[in-house]
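# What the coordinates show
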Amino acid sequence: MSVQSSEKAPINRAKFATNLGVLAATLGSAVGLGNIWKFPYLTGSNGGAAFLLVYIVCILLIGIPVMVSELVLGRAARSNAIATMQKLAPAKQPWWLIGAAGVLAAFMIMAFYSEVAAWVFAYIIKAIQGGILSTDPNVTKAAFGDLVSNPVQSLIWQWIDLAVVGFIILLGVNKGIEGATKKLMPVLLFLLILVGIRSLTLPGAGQGLAFLFQPDFSKLTAASFLVAMGLAFFKLSVGMGTMITYGSYFRDDQDIPGTAVRVAFSDLAVSLLAGIAIFPAVFAFGYKPDAGASLLFLTIPSVFASMPLGGFFMVIFFILTAIASIGAQISLVEVPVAFLQEKFQFSRQKASIITVVGIAIVGSLAALSNSSLASAHVFGMTFFDLFDYATSNILLPLGGLFIAIFVGWVWGYKKLNDALSNHGTLSNQIIIKVLYGTLLVVTPILVAIVMLNGLKIIK
Ligand code: PHE
């Protein structure tokens, strides 16, 4: 792989058109099923508030610094994830492996993510039909069980999701990504707030709030530290080249640290809203907080069932959740697509089709994990769980670790300072110094310790 080959690529690199568009697209990548599906279920199965605190520390000391690093590297090289690392690294050093691991991670995440999106799509129809609108756990559990144990439905909804994502990615960076996110994010927020208010006013809601906000540190284990860190990587779409790729479309005058901080806090706010919508309901209706991947699909219908016009709002809720998931999926698919386009000079169309078909093939393993392949286990996990675990808890943290080391120790302060201050036009010296110090020492050490402990490599 040589740098020249990617520079020759006869494409005009697109750029996000406006500063608001940049924020919307980056936020569109971060906000997705991670907030609405994964954050609540992991918080639920890892004990609640104490886990939330660890997660927030991970965002501050790991997530934000790595996000800034990725964005600035991508903008400096204006290339896909692999070529960016090739261009910026000293000759013969294999830093491009970070980008290669990212392309792999994109496929593995999409494999299970597209299946969760498939469930959301299926729930739009179920919501329209009305059968799931119930406060009875037996009814909601049966509805979810019927869906995931049906191999045909699992596959078809996944293909529908992939077709939608593939189509949008074909439209290109500006039109596809910016347009959709800017308009729909506020509506989703409004709905989450509405569900949150209803959930908070349910009898017994207090228990759910206490679960989410009153930490009990005895519930934390080495494994849950790793899960919290993995969630921070996953949530902020970092550690795998998504933000390198998006950074490559950033404008030269964009304030990168400012954007990263805004994205991280807005993303956290959406997750908290989802938590506030779900946990009071968990306790009010007699669900278990550690229900796992099904948590969202059980509790949310029960909240809607107990509010006026609930059936209508639930349809809108699942439509908006599907749209949020699409923003995130576009950013995942963009990693291999940008790479294929630039490395092999494929047209955007060809690159998109190859990528989406590849995902459909790997993704079928995840789609069938609750039906035909339910008894197929690798390292004791179904394919769905394996893809999820291996990406969040191994691939993304490893990617983040090496990105931090690269920026801190190889790229160095001078280049970082020049790039993050937009060649001296922004006066953000203190922020840059704090970021640099964190990247140099804190981020790598924390990631390494949490990984080694969580994976039981050291005790
Ligand atoms: N951040 C997205 C979400 O929470 C998922 C994602 C992960 C997107 C990694 C891109 C890269 O839904």
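Conventions used here
- Residues numbered from 1 in each chain as written.
- Predicted model: local features only at pLDDT ≥ 70, side-chain atom pairs only at ≥ 80, totals over all residues.
- Heavy atoms only, no water.
- Helix = DSSP H or I, 4+ residues; strand = E, 2+ residues; numbered from the N terminus.
- Rg over C-alpha atoms; globule rule 2.2 N^0.38 Å.
- Buried < 20%, exposed > 50% of the residue type's maximum accessible area, 1.4 Å probe, protein only.
- Near = heavy atom within 4 Å.
- Polar contact = N/O pair within 3.5 Å; in protein donor to acceptor, adjacent residues only side chain to side chain.
- Areas by Shrake-Rupley, 256 points an atom, 1.4 Å probe, with all protein chains shown as cover.
- 1 Å grid on protein atoms, 1.4 Å probe; cavity = no way out; pocket = protein on both sides within 12 Å on 5 of 7 lines; lining within 4 Å.
- Sits in = over half its atoms within 2 Å of the grid points.
- Axes fitted to C-alpha atoms, helices over the stretch in contact; angles between N-to-C directions.
- Parallel < 35°, antiparallel > 145°, perpendicular 65-115°, else oblique.
- Contact = heavy atoms within 4.5 Å.
- Nonpolar A, V, L, I, M, F, W, Y, C, P; charged D, E, K, R; others polar.
- Expected span 1.5 Å × (residues − 1).
- Bend = angle between axes of the 7 residues up to and from the residue.
- Salt bridge = Lys/Arg side-chain N within 4 Å of Asp/Glu carboxyl O.
- Core = buried A, V, L, I, M, F, W, Y, C linked by side-chain atoms within 4.5 Å.
- Patch = residues over 30% accessible without salt bridge, like charges linked within 9 Å, V, L, I, M, F, W, Y side chains within 5 Å.
- pLDDT = per-residue confidence, 0-100.
- Points joined across faces, edges and corners; volume = space filled by probe spheres on them.

### Focus on the overall build of the protein chain
Along the protein chain, the regular secondary structure elements total 18 helices and 0 strands. For the protein chain, whose C-alpha radius of gyration is 21 Å, the value lies close to the compact-globule estimate of 23 Å for 459 residues. Its C-alpha atoms give the protein chain principal-axis dimensions of roughly 60 × 45 × 45 Å. Residues counted as buried form 60% of the 459 residues belonging to the protein chain.

### Observations concerning unusual backbone geometry
Here the phi dihedral of N422 falls at roughly 50°; this positive angle occurs in a residue that is not glycine. Following the sequence through the fold, N422 ends up in the loop between α17 (383-420) and α18 (429-454). For N422, a relative accessible area of 6% puts it in the buried group. The backbone of H423 sits at a positive phi, close to 55°, despite the residue not being glycine.

### Here we look at the site of the ligand
Of all residues adjacent to the ligand, which total 14 residues, the nearest are A30, G34, Y113, F234 and K235. G34 has a polar backbone atom sitting 2.9 Å from an oxygen atom of the ligand. The separation between an oxygen atom of the ligand and a polar side-chain atom of Y113 is 2.3 Å. Isolated, the ligand exposes 330 Å² of accessible area, and the fraction of that covered by the protein chains is 100%. Here the ligand occupies the largest cavity.

### A closer look at the packing of helix α11 (residues 222-235) against α17
Here α11 crosses α17 at 70°, and the two axes come no closer than 8 Å. Relative to α17, the element α11 is oriented roughly perpendicular. For the pair α11 and α17, the contacting residues are L226, V227, M229, G230, F233 and F234 in the first and Y389, S392, N393, L396, P397 and G400 in the second. In terms of residue class, the contact of α11 with α17 is built from 8 nonpolar, 4 polar and no charged.

### Observations regarding α17
Given a rise of 1.5 Å per residue, 38 residues ought to cover 56 Å, yet the end C-alpha atoms of α17 are separated by just 40 Å, more than 12% below that figure. At G412, α17 shows its maximal bend, which comes to roughly 105°. Phi for N422, located one or two positions after α17, is positive at around 50°.

### Considerations on the pattern of salt bridges
With the rule as written, the count across this model stands at 5 salt bridges. Here D388 ties to K38 by a salt bridge, and the two come within 2.9 Å at their closest N and O atoms. On the criterion of sequence distance, the pair formed by D388 in helix α17 and K38 in helix α3 (residues 33-45) is long-range, its members being 350 residues apart. As far as burial versus exposure is concerned, D388 and K38 are alike and both buried. Between D252 and R78 there is a salt bridge, and its shortest N-O distance comes to 2.9 Å. Here D252 is found in the loop between α12 (242-247) and α13 (256-285), whereas its partner R78 is found in the loop between α4 (49-77) and α5 (81-88), with 174 residues between them in sequence.

### A look at the nonpolar core
If you look at the biggest cluster of nonpolar residues, it comprises 158 residues, and the most contacted ones within it are W37 and F297. Looking at this core element by element, the count peaks at 20 residues for helix α6 (residues 96-129). Filtering out sequence-adjacent residues up to four positions away, W37 remains in contact with F112, V116, W119, A293, L296, F297, F384 and D388.

### Remarks on the side chain of R78
Residue class for R78 comes out buried when judged on its relative accessible area of 18%. Of note is the side chain of R78, whose polar atom sits 2.8 Å from the backbone oxygen of S248.

### Quick look at the side chain of S369
With respect to the helices and strands, S369 occurs in the loop between α16 (348-367) and α17. A distance of 3.0 Å separates a polar atom in the side chain of S369 from the backbone oxygen of L365.

### Some remarks on a nonpolar patch on the surface
A grouping of V57, L60, L61, V261, F265, V441, V442, I445 and I449 is seen on the molecular surface, where their side chains present a nonpolar patch of about 690 Å² in accessible area. Of all the secondary structure elements, the ones that give two or more residues to the nonpolar patch are α4, α13 and α18. Ranked by residues supplied to the nonpolar patch, first place goes to α18 with 4 residues. The exposure class of L61 is partly exposed, given its relative accessible area of 31%.

### Structural notes on the environment of A284
By secondary structure assignment, the location of A284 is in helix α13. Sequence spacing of A284 and Q86 is 198 residues, and the spatial spacing of their C-alpha atoms is 54 Å. Setting aside residues up to four positions removed in sequence, A284 forms contacts with L202 and P203.

### Considerations on the confidence of the model for the protein chain
Summing up the model confidence of the protein chain, the mean pLDDT is 92 and the portion of residues at 70 or higher is 95%. Of all the helices and strands in the protein chain, helix α1 (residues 3-7) carries the lowest mean pLDDT, 39, while α4 carries the highest, 98. The model gives residues 1-11 a pLDDT under 50, and that stretch makes 19 contacts with residues more than four places away or in other chains.

### Notes on helix α15 (residues 310-344)
Taking 1.5 Å of rise per residue, the 35 residues of α15 would be expected to cover 51 Å, and the 50 Å separating its terminal C-alpha atoms lies within 8% of that figure. Along its length, α15 shows its largest kink, about 35°, at E334, and proline P336 lies within four residues downstream of that point. Across the 35 residues of α15, 29 count as buried, placing the element largely inside the fold. Among the residues trailing α15, Q345 stands out with phi positive, at a value near 55°.

### Thoughts on empty space enclosed by the protein
The full count for this structure, using the stated rule, is 3 cavities of 30 Å³ or more. Taken as a whole, the largest cavity encloses approximately 120 Å³ of empty space. What lines the largest cavity is a set of 17 residues, and nearest its centre among them are S29, Y113, F234, S237 and L332. When its residues are assigned to classes, the lining of the largest cavity shows 10 nonpolar, 6 polar and 1 charged.

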